[in-house]
Amino acid sequence: MSDLASLELLAKTELDACADEPTLRAWNTKYFGANGEVLAALKAIGTIAKDQRKTYGQEANRIKETLTQTYDAMLSAAKERALDASLTANPLDITLPGRPVQRGRLHVATQIMRQIYDIFADMGFQVYRTREVEDDLTNFELLNMPPHHPARDMWDTFHTTTPGVILRTHTSPGQIHVMREVCPDPIRVILPGMCYRYEAITTRSEIQFQQVEGLVIGEHVTMADLKGTITAFARRLFGQERQVRFRSSYFPFTEPSIEIDIDWPKEDPNADRLTKGTGWLEIMGAGMVHPVVLRNGGYDPAKHSGFAFGMGPQRITMLKHAIDDIRQFWANDVRFLRQF
Ligand code: DAH
């Protein structure tokens, strides 16, 4: 028997004896691995005497083909047997429905913020972000509230261990930052963000809450621009049929100052309670930027004028969805958050 014939016989006999994947793989390494015997026989073709080379080559390749085919078939059969055995040993009910994955959603505070951004973006406002950690100078003094000004009582806050460094009590100090950056160009921005106050926590007040401030500066900006802007905003957010009311008020950083109310739908069963019987509900403070504040921002009040407003989106969300406890917003209770 030729060398090739005995090699084939031996390889085939050993292959037939392989019962599972590990033995099959070991066989494959023995005959077809880097030092495999069938591989060596194939490599030897070049060394065979010329007159026998063709016959030898054809035979060697035929052996390789037959063995490989048998090996492949046996390997997949062995794998299938192993899978069957493991499924019988550890039964798996693939008809059992899976556990549903809970879908996430945007926090209700994020949703209202994005609505507000959209409405102001349509009116040409940009979003200007400013710091939450402020100094006393920017949070109060430059906004026309010198030390010991009684208006400061409305904004008690958290102090850091660095004297004069505080958590901002409102977004209004952002007005100073944006003015000093942009002056003397015109401004049309909203300034959203978290604010902090040292307060007793109740259903109506929290130590942290968001505000959206607005600031418009230019030549010939008037109270009419303020009224038009806010009316358009309130109708987009609360409904086109809403009436908007402007009441005179006081803020140190605006002159004149106003507060803005909307009429609340009488059909709402909560209307009486929400509006304390008046039918009107306050949504924000606003006014014409005080000349002192304009000057602190770098603008000349003889040439430039502007308006500003500030609102609390949590308050607005509570109105829209009849939420009766402001503490829900940051309590991280999914039962509350899932409702929006
Ligand atoms: N900063 C005020 C507050 O926190 C809100 C406010 C009122 C902002 C009037 C303004 C404004 O820009 O013009 O209560």
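Only a predicted model underlies this, so the values are computations on that prediction, with no experimental measurement involved.

Caption draft 1: The arrangement of the sheet that holds strand 9 (residues 305-311) in detail. With mixed pairing, the seven strands of this open sheet are ordered in space as 1-4-5-9-8-7-6. One side of each edge strand has no neighbouring strand; the edge strands of this open sheet are strand 1 (126-127) and strand 6 (244-249). Two elements, strand 7 (residues 254-263) and strand 8 (residues 280-289), share eight bridges in a ladder whose sense is antiparallel. Looking at strand 8, one finds that Asp261 is bridged to Glu282.

Caption draft 2: Local environment of the environment of Ile63. By the secondary structure assignment, Ile63 is in helix 4 (residues 50-89). Ile63 gets classed as buried once you look at its relative accessible area, which sits at 2%. Between the alpha carbons of Ile63 and Ala11 there is a distance of 9.7 Å; along the sequence they are 52 residues apart. Leave out the neighbours within four places in its chain, and Ile63 touches Leu4 and Glu8.

Caption draft 3: Expanded view of the pairing of strand 6. Judged from the six bridges that link them, strand 6 and strand 7 form a sheet pairing that is antiparallel. Residue pairing in the sheet places Ser248 in a bridge with Ile258 of strand 7. Here strand 6 folds back onto strand 7, and the loop between the two strands holds four residues.

Caption draft 4: Structural context of the packing of aromatic side chains. Using the criterion set out here, one finds 13 aromatic pairs in the structure. When the ring of Phe120 is compared with that of Phe309, the centres are 5.3 Å apart and the planes differ by 20 degrees; the resulting orientation is stacked. Of this pair, Phe120 sits in helix 5 (residues 108-122) while Phe309 sits in strand 9, and the two are 189 residues apart along the sequence. Pair check on accessibility: Phe120 and Phe309 agree, each one buried. Judged by centre distance (6.0 Å) and plane angle (80 degrees), the ring pair of Phe329 and Phe336 falls under edge-to-face. With a relative accessible area of 0%, Phe329 lands in the buried category. Given the relative accessible area of 7%, Phe336 is considered buried. By the ring-pair criterion, three or more aromatic residues cluster together here, those being Phe120, Phe125, Phe233, Phe307 and Phe309.

Caption draft 5: Here's a closer look at the pairing of strand 4 (residues 187-196). Within strand 4, nine of the 10 residues are buried, which leaves it mostly tucked inside the rest of the structure. In the sheet, strand 1 pairs with strand 4 via two bridges, with the strands oriented parallel. Residue pairing for strand 4: Gln126 is matched across the bridge by Val189. Alignment of strand 4 against strand 5 (residues 208-218), held across 10 bridges, turns out to be antiparallel. Opposite Val189, over in strand 5, you have Leu215 as the bridge partner.

Caption draft 6: Highlighting the site of the ligand. Around the ligand, the structure places 16 residues, and the nearest of them are His170, Ser172, Arg197, Gln211 and Glu213. One of the side-chain N or O atoms of His170 is found 2.9 Å from a nitrogen atom in the ligand. Within the contact set of the ligand, an oxygen atom lies 3.4 Å away from a backbone nitrogen or oxygen of Phe309. Summarising the interface, the protein chains cover 93% of the accessible area of the ligand, which totals 360 Å² for the free molecule. Here the ligand occupies the largest pocket. The set of elements that each furnish at least two residues to the shell around the ligand consists of strand 5, strand 8 and strand 9. Its residues placed into classes, the shell around the ligand shows six nonpolar, eight polar and two charged.

Caption draft 7: Structural context of the pattern of salt bridges. The final tally for this structure, using the stated rule, is 14 salt bridges. Between Glu14 and Lys30 there is a salt bridge, and its shortest N-O distance comes to 3.0 Å. Residue Glu14 is found in helix 1 (residues 3-17), and its partner Lys30 is found in helix 2 (residues 21-32); the two are separated by 16 residues along the sequence. For Lys30, a relative accessible area of 35% puts it in the partly exposed group. Between Arg236 and Asp122 there is a salt bridge; the shortest N-O distance is 3.1 Å.

What counts as what
- Residues numbered from 1 in each chain as written.
- Predicted model: local features only at pLDDT ≥ 70, side-chain atom pairs only at ≥ 80, totals over all residues.
- Heavy atoms only, no water.
- Pairing = 2+ DSSP bridges.
- Helix = DSSP H or I, 4+ residues; strand = E, 2+ residues; numbered from the N terminus.
- Buried < 20%, exposed > 50% of the residue type's maximum accessible area, 1.4 Å probe, protein only.
- Contact = heavy atoms within 4.5 Å.
- Phe/Tyr/Trp six-rings, centres within 6.5 Å; stacked < 30°, edge-to-face > 60°.
- Near = heavy atom within 4 Å.
- Polar contact = N/O pair within 3.5 Å; in protein donor to acceptor, adjacent residues only side chain to side chain.
- Areas by Shrake-Rupley, 256 points an atom, 1.4 Å probe, with all protein chains shown as cover.
- 1 Å grid on protein atoms, 1.4 Å probe; cavity = no way out; pocket = protein on both sides within 12 Å on 5 of 7 lines; lining within 4 Å.
- Sits in = over half its atoms within 2 Å of the grid points.
- Nonpolar A, V, L, I, M, F, W, Y, C, P; charged D, E, K, R; others polar.
- Salt bridge = Lys/Arg side-chain N within 4 Å of Asp/Glu carboxyl O.

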